[in-house]
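Survey of secondary and tertiary structure
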Amino acid sequence: MSRIESAVQSGSVKALLFLPSGRRLWTVVGKDSEYWTDPELGFCSCKDFYFSALTKDEPCYHLKSVQKAMDGGRLAPLEMSDGEYTQMLQALAKDAASQLLR
Ligand SMILES: [Zn+2]
């Protein structure tokens with residue numbers, strides 16, 4: 001099984017829907033951190049994205065995993081309140097920073 005398939009099947013790919021605004025976030029739980037992935041912007045907060053996706057124009061496996069989960073209709077969004085949006089972004093940004101500074 002590929003890394004992408006196992007991420008999708010193990011439920012590592014998560015879609016969050018914030019209500020009532022309808023804002024969405026996608027995350028992929030990796031080995032030691034959770035990545036903020038946005039398939040609409042083609043963005044991911046992982047190291048691979050910064051160091052290879054931008055230069056090779058090849059999406060990282062998180063982006064591919066989210067895309068695959070979306071295509072397969074296997075991404076049921078978790079509903080959260082708008083009040084949790086900022087907290088969620090801060091937590092993800094903190095994870096991303098610790099990855100990049102490693
Ligand atoms: Zn990534």
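Residues numbered from 1 in each chain as written. Predicted model: local features only at pLDDT ≥ 70, side-chain atom pairs only at ≥ 80, totals over all residues. Heavy atoms only, no water.

1. What to know about the sheet that holds strand β3 (residues 34-38)
One open sheet accounts for five strands, arranged β4-β3-β2-β1-β5; its pairing is mixed. Looking at strand neighbours, the two that pair on one side only are β4 (43-44) and β5 (78-81), the edges of this open sheet. Pairing between β3 and β4: two bridges, direction antiparallel. Within β4, the residue paired with D38 across the bridge is F43. (Pairing = 2+ DSSP bridges. Helix = DSSP H or I, 4+ residues; strand = E, 2+ residues; numbered from the N terminus.)

2. Concerning the side chain of E34
Counting through the fold element by element, E34 comes out in strand β3. By relative accessible area, which is 18% here, E34 ends up buried. Here the side chain of E34 touches K14 through a polar contact of 3.4 Å, side chain to side chain. Within the structure, E34 has its side chain in polar contact with the side chain of T27 (distance 2.8 Å). The residues touching E34, leaving out its near neighbours within four places in the chain, are K14, T27, V28, V29, M88, L92 and D95. (Buried < 20%, exposed > 50% of the residue type's maximum accessible area, 1.4 Å probe, protein only. Polar contact = N/O pair within 3.5 Å; in protein donor to acceptor, adjacent residues only side chain to side chain. Contact = heavy atoms within 4.5 Å.)

3. Digging into the coordination of the zinc ion
Reference geometry at the metal: tetrahedral coordination by four donors gives ideal angles of 109.5 degrees; octahedral coordination by six donors gives 90 or 180 degrees. Taken together, C44 (SG), C46 (SG), C60 (SG) and H62 (ND1) make up the protein donors of the zinc ion, found 2.0 to 2.3 Å from the metal. Angles of 101 to 117 degrees at the metal separate the four donor atoms of the zinc ion, which places the site in the tetrahedral class. Coordination of the zinc ion draws on donor residues from a single chain, spaced C-x1-C-x13-C-x1-H in sequence. Side by side, C44 and C46 carry an identical accessibility label, which is buried. (Donors = N, O, S within 2.8 Å, 3.2 Å for Na, K, Ca; no water. Tetrahedral: all angles 85-135°; square planar, octahedral: opposite > 155°, others 65-115°.)

4. Concerning the nonpolar core
Judged by nonpolar contacts, V8, V13, A15, W26, V28, V66, A69 and L75 together constitute the single largest core of eight residues. Ignoring sequence-local partners within four residues, the contact set of A15 consists of L25, W26, L75, A76, P77 and L78. Counting residues in each nonpolar core, the second largest holds seven residues, with C46, A53, C60 and L63 among its members. (Core = buried A, V, L, I, M, F, W, Y, C linked by side-chain atoms within 4.5 Å.)

5. A closer look at the packing of aromatic side chains
Aromatic ring pairs are reported here in terms of the distance separating the ring centres and the angle at which the planes meet. Overall, the coordinates contain four aromatic pairs when judged by the stated rule. Centroid distance F18 to Y85: 4.9 Å. Interplanar angle 90 degrees. Geometry classified as edge-to-face. Of the two residues, F18 sits in strand β1 (residues 13-19) while Y85 sits in helix α4 (residues 85-100), which places them 67 residues apart along the sequence. You'll find F18 and Y85 in the same group, each marked buried. (Phe/Tyr/Trp six-rings, centres within 6.5 Å; stacked < 30°, edge-to-face > 60°.)

6. Overview of the confidence of the model for the chain
On average, the chain scores 89 in pLDDT, and the residues at 70 or more come to 99%. Mean pLDDT values for the elements of the chain range from 80 in helix α2 (residues 47-56) up to 97 in β5. (pLDDT = per-residue confidence, 0-100.)

7. Some points on a nonpolar patch on the surface
On the surface, Y50, F51, L54, L100 and L101 cluster together into a nonpolar patch covering about 560 Å² of accessible area. If you tally residues by element for the nonpolar patch, the top one is α2, at three residues. Tracing the sequence through the fold places L100 in helix α4. (Patch = residues over 30% accessible without salt bridge, like charges linked within 9 Å, V, L, I, M, F, W, Y side chains within 5 Å. Areas by Shrake-Rupley, 256 points an atom, 1.4 Å probe, with all protein chains shown as cover. Salt bridge = Lys/Arg side-chain N within 4 Å of Asp/Glu carboxyl O.)

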